[in-house]
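# Structural features, examined
Here is how the chains run, residue by residue.
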Amino acid sequence: MKRLSALMVALVLGGACAHTPPKSDLEALRPVVEGFHKNLRWRNYRALSTFLVPEERQDFERKRRELHDDRDLTVTDYEIEAVKLSDDGRSATVHSRIQWMRLPSVTEQNDTVTSEFIFRDGVWLLEKQQSGPFDGELEPQAAPPSP
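Note that the structure is a prediction, hence the values are computed from the model and not measured.

## Describing the confidence of the model for the chain
Summing up the model confidence of the chain, the mean pLDDT is 84 and the portion of residues at 70 or higher is 78%. Low confidence marks residues 4–22, where pLDDT is under 50. Its contacts with residues over four positions away, or in another chain, come to 2 contacts.

This is the structure in structure tokens:
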């Protein structure tokens, strides 16, 4: 009887764990933010697109090809300055400094970039970014106006 009780408790606890949403904290976000910046620095755009929300990936990759970023975009340095998790733990704002240039310009840009990450389906994904080499590209599509 004790074994049956222990088995029932284990099943109930196991079921509860299966229905508890994964923890979304700064420790889970850190490798995503670092991975995004490292892949940007080393021009690994195919891997970089996996950090984006799925609905942005195809356009992002197309834009990299159109702009010849594998050849023309150079990120010389980056520094992650601040990370702020939302109260509900479902989004985060990351501020970083990125030094970059895109040929034919030889002028190095030094931008403070604001990246908005969201926690979706158990993973952190980049949804929006302001400033930097992808300024204006990563913005959620606005809902159509209601009639």
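## A word on helix α2 (residues 26–41)
Here α2 contains 16 residues, and its C-alpha end-to-end distance of 22 Å stays within 8% of the 22 Å for a straight helix at 1.5 Å per residue. All buried positions along α2 are accounted for by Leu29, Val32, Val33, Gly35, Phe36, His37, Asn39 and Leu40. Tucked inside the fold, the buried residues of α2 contact α3 (45–49), β1 (73–85), β2 (91–102), β3 (109–120) and β4 (123–130). Looking one or two residues beyond α2, the residue adopting positive phi is arginine 43, at roughly 60°.

## What about helix α4 (residues 54–66)?
Taken as a whole, α4 has its buried residues at Glu56, Phe60 and Arg64. Viewed along the axis of α4, the buried residues span an arc of 70°, placing them on a single side of the element. Exposed residues pointing more than 90 degrees away from the buried face of α4 are listed as Gln58 and Arg65. The elements touched by buried residues of α4 are α3, α5 (69–72) and β2. Once α4 finishes, histidine 68 follows within two positions and takes phi at roughly 55°, a positive value.

## Some words on the pairing of β2
The alternating pattern of β2 places Ala92, Val94, Ser96, Ile98, Trp100 and Arg102 on a buried face, while none of Ser91, Thr93, His95, Arg97, Gln99 and Met101, on the opposite face, is buried. Examined bridge by bridge, β1 and β2 share 11 bridges and lie antiparallel to one another. Bridge assignment links leucine 73 to a residue of β2, and that residue is arginine 102. The pairing of β2 with β3 spans 10 bridges and is antiparallel. Along β3, the bridge assignment pairs tryptophan 100 with glutamine 109. Where β2 folds back on β3, the antiparallel hairpin that results is connected by 6 residues.

## Concerning the environment of arginine 30
In this structure, arginine 30 sits in helix α2. Sequence separation of arginine 30 and valine 83 is 53 residues, and the distance between their C-alpha atoms is 8.9 Å. A distance of 2.9 Å separates a polar atom in the side chain of arginine 30 from a polar atom in the side chain of glutamate 27.

## A closer look at the packing of aromatic side chains
Inspection of every chain in the model, using the stated rule, returns 3 aromatic pairs. On the numbers, 6.3 Å between centres and 80° between planes, the contact of phenylalanine 36 with phenylalanine 51 is edge-to-face. Linking phenylalanine 36 in helix α2 with phenylalanine 51 in the loop between α3 and α4, this pair joins segments that are 15 residues apart in sequence. By relative accessible area, which is 0% here, phenylalanine 36 ends up buried. Owing to a relative accessible area of 16%, phenylalanine 51 belongs among the buried residues under this scheme. Aromatic pair phenylalanine 60 and phenylalanine 134: ring centres 5.0 Å apart, planes at 75°, arrangement edge-to-face. In this pair, phenylalanine 60 is assigned in helix α4 and phenylalanine 134 in the segment after β4, connecting sequence segments 74 residues apart.

The rules we used
Residues numbered from 1 in each chain as written. Predicted model: local features only at pLDDT ≥ 70, side-chain atom pairs only at ≥ 80, totals over all residues. Heavy atoms only, no water. pLDDT = per-residue confidence, 0-100. Contact = heavy atoms within 4.5 Å. Helix = DSSP H or I, 4+ residues; strand = E, 2+ residues; numbered from the N terminus. Expected span 1.5 Å × (residues − 1). Buried < 20%, exposed > 50% of the residue type's maximum accessible area, 1.4 Å probe, protein only. Arc of directions from axis to C-beta. Pairing = 2+ DSSP bridges. Polar contact = N/O pair within 3.5 Å; in protein donor to acceptor, adjacent residues only side chain to side chain. Phe/Tyr/Trp six-rings, centres within 6.5 Å; stacked < 30°, edge-to-face > 60°.

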